[in-house]
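As a plain string of letters, each chain reads:
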Amino acid sequence: MSALRKAEEADALARRSGREDELLAQIEKMFRRLRLAVVFGGDKSREGAVIESTTNPRSWKSYEKVAQDIAASLQRLGCRHIELFPDDMRLGENLKAFDAHLAWVNSGGVQGHCSVAHAPAMLELFGIPYVGHDPMTAAILDSKHVFKRQLQAAGIPTAEFFVWQPGVSPRDPVRDSTFQHAFMGYRGPFIVKPTSGRASLNVTYVERADGLADVVQNIYKLTRNHVLIERFIGGREFCVAAAGPVIHRHGKIERLDGPFTFSLLERRLDESEKVFTSMDVKPITGERAFEIDAEAEPQLHANLAKLAQRIFLELGIETLIRADIRADDAGNLYVLEANPKPDLKMPGPGVTSLVCIGLPKLGMTYDDLIMSVFADRVDVLLSERRGVADRIARLI
Ligand SMILES: Nc1ncnc2c1ncn2[C@@H]1O[C@H](COP(=O)(O)OP(=O)(O)OP(=O)(O)O)[C@@H](O)[C@H]1O
Ligand SMILES: [Mg+2]
C-alpha cells in the first residue's frame, strides 16, 4: 500500500472515531430504505441452482433457519426491506430483481472447492457490498492447513501438522520427508481431519503413526481434498468469539480500542472423549459449554482474549469469527481453527449457540450482536471502502 493511501486510510479512520452517535443515526436512516438480502447456502439439487452438480469437499448445510433468525433480528432493529436468497447460480439475477443495496452472507456455499468464498466472490463481482468475510479471508479460514500456515508465519501457536496431498504424498504419510521434518520423531497420538470441515465431521483420533495411512485414505475418499494430520493436543478445550471494535448495547454504539472478544468458553469433554462431539449430535448444554470465570482464572481469560485478538489483527480479519483453541497438559494454548461463519442461531428455551452464551453478562442481547456485526461492517464500508459502498452511502 502506498504511503499516500495509508495516510488516507488513517485519516478516514480518525474522521470516524468518536462519531458513534452519528453512525447509529446513519444506520437508522439507512434502515428506512435499505434493501437487504440475507444469503443462505443454496441446494445443488434444486432446478436452476447449478449447471452441473459436482462434489462437496466441505459437508453441506443450508443454514437457512439461521438466515431467518438474522433477518428477523434486523427487522426488529428497524430494517424494513429484507429478503432471503440462496447462494447459487441465480444470485446475481435475484439481487438485481430485488434491487439489493447490501447482502449479509450466511452461507457455506453450494458445492466445489473453497465454497465459503463463492458468495462473497460473486458479490464482489456484482458490486454489492456485504456483511461477511472477503473471499480470500473466507477461503483461508475455511482451509485449515492454509490458516495454520498463516498462524505459523505470524508466530501464533498451533499444533505441528502435515498436509497429505493426493497425487503428491506417499500413501503412508510417515514416509514423507516433510512429515518427518514436521513431527521430528513424534509417533502419536495424532488428529486426522478434513482441511475444510465442520461440526467435528470425520475428525479422527489416531493413537500411533502406523495407523495414519488408512485413516487418511478414508477421509480423502469422503472429501476428495487434502487431509490434515496434526499432533493431538489433549488438554482443556476453549472457544472465543472475536469481531470488529464497533459494538451495540443499551441502545448505543460503542467503539472499543481493539477487536471485540466475547463468549470465552470452555467446552467440556467427557473422560473418554478425545474429540469434542459435534453439536449436531449432542446439543450445547450448560454442562458441555460454560463461560470461563475471569475472576477464578484471570490469566487464562486474558490469554484466550489476547490470542483471539492476535488472530483477528494479524490475519486482517474484518468480521465475526469463533476461534477454537486447545491446551496441552501443561496449559499452553494452541489454536485449532477459526470458524468464518460461527453459528448465529437465535437463542431460545434450551438452545443457544457458542457465540451467544457470553452475551447476557455483557448486557447484550442477540439483537445487539446482530446490530454490532452490522454496524461494524457499515463503519468499515463507509470509512475505508468509499467506492464499493456507494450504494449504501447514497441512503444516508
Ligand atoms: N490437534 C488437535 N488436538 C486435539 N484435539 C483436536 C485437534 N484438532 C481437532 N481436535 C478436536 O476435534 C474437534 C473438531 O476439530 P476442528 O475444530 O478442527 O473441526 P471442525 O469440524 O471444523 O469443528 P467445528 O465443530 O468447530 O466446526 C475439536 O473441537 C477438538 O475437540
Ligand atoms: Mg472447531
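What you see is a predicted model; the values in this text were computed from it and never measured.

Caption draft 1: Structural view of the overall build of the chain. A count of helical and extended segments in the chain gives twelve helices and 15 strands. In summary, the chain has a C-alpha radius of gyration of 21 Å against a globular reference of 21 Å for 396 residues, a match within 12%.

Caption draft 2: Representation of the environment of S383. By the secondary structure assignment, S383 is in helix α11 (residues 366-384). Taking the C-alpha atoms as reference, S383 lies 26 Å from T365; in sequence the two are 18 residues apart.

Caption draft 3: Representation of the site of ligand 1 within the structure. Contacts to ligand 1 come from 21 residues, most closely from I191, E230, I233, V275 and F276. Among the elements of the structure, β6 (190-194), β14 (321-327) and β15 (333-339) are those that each provide at least two residues to the shell around ligand 1. Here the shell around ligand 1 takes three residues from β15, the largest share from any one element. Split by residue class, the shell around ligand 1 holds ten nonpolar, four polar and seven charged. Composition of the shell around ligand 1 by domain shows at least three residues from each of domain 2 (160-231) and domain 3 (237-366).

Caption draft 4: The pairing of β6, seen in detail. Of all five residues in β6, five are buried; the element is thus mostly enclosed. For β6 and strand β7 (residues 204-206), the ladder comprises three bridges, and the chain directions are antiparallel. Counterpart to I191 in the pairing with β7 is Y205. One ladder, built from five bridges, connects β6 with strand β8 (residues 227-231); its direction is antiparallel. Its bridge partner being in β8, F190 is matched across the sheet by R231.

Caption draft 5: Expanded view of helix α7 (residues 144-154). Listing the buried residues of α7 in full gives K144, H145, F147, K148 and L151. One side of α7 holds all its buried residues, which, seen down the axis, span an arc of 160°. Those residues of α7 that are buried are in contact with α6 (135-141), β5 (161-164), β8 and β15. At the exit of α7 stands G155, carrying a positive phi of roughly 75°.

Caption draft 6: Geometry of helix α5 (residues 118-126). Within the span of α5, buried status applies to H118, A119, P120, M122 and L123. Trailing α5 by a residue or two, G127 shows a phi angle of about 85°, which is positive.

Caption draft 7: Looking closely at the sheet that holds β15. Taken in spatial order, the five strands of this open sheet run β13-β12-β9-β14-β15, and their pairing is antiparallel. In this open sheet, the two edge strands, each paired with only one partner strand, are β13 (289-291) and β15. Shown here is a sheet whose adjacent strand axes are inclined to one another by a mean of 30°, direction ignored. Two elements, strand β9 (residues 237-243) and strand β12 (residues 260-267), share six bridges in a ladder whose sense is antiparallel. Paired with F238 across the strands is E266, a residue of β12.

Here is what the cut-offs are and how they apply
- Residues numbered from 1 in each chain as written.
- Chains lettered and ligands numbered in written order.
- Predicted model: local features only at pLDDT ≥ 70, side-chain atom pairs only at ≥ 80, totals over all residues.
- Helix = DSSP H or I, 4+ residues; strand = E, 2+ residues; numbered from the N terminus.
- Rg over C-alpha atoms; globule rule 2.2 N^0.38 Å.
- Near = placed C-beta within 6 Å.
- Nonpolar A, V, L, I, M, F, W, Y, C, P; charged D, E, K, R; others polar.
- Domains from an automatic or database assignment.
- Buried ≥ 20, exposed ≤ 12 C-beta atoms within 10 Å, placed from the backbone.
- Pairing = 2+ DSSP bridges.
- Arc of directions from axis to C-beta.
- Contact = placed C-beta atoms within 7 Å.
- Axes fitted to C-alpha atoms, helices over the stretch in contact; angles between N-to-C directions.

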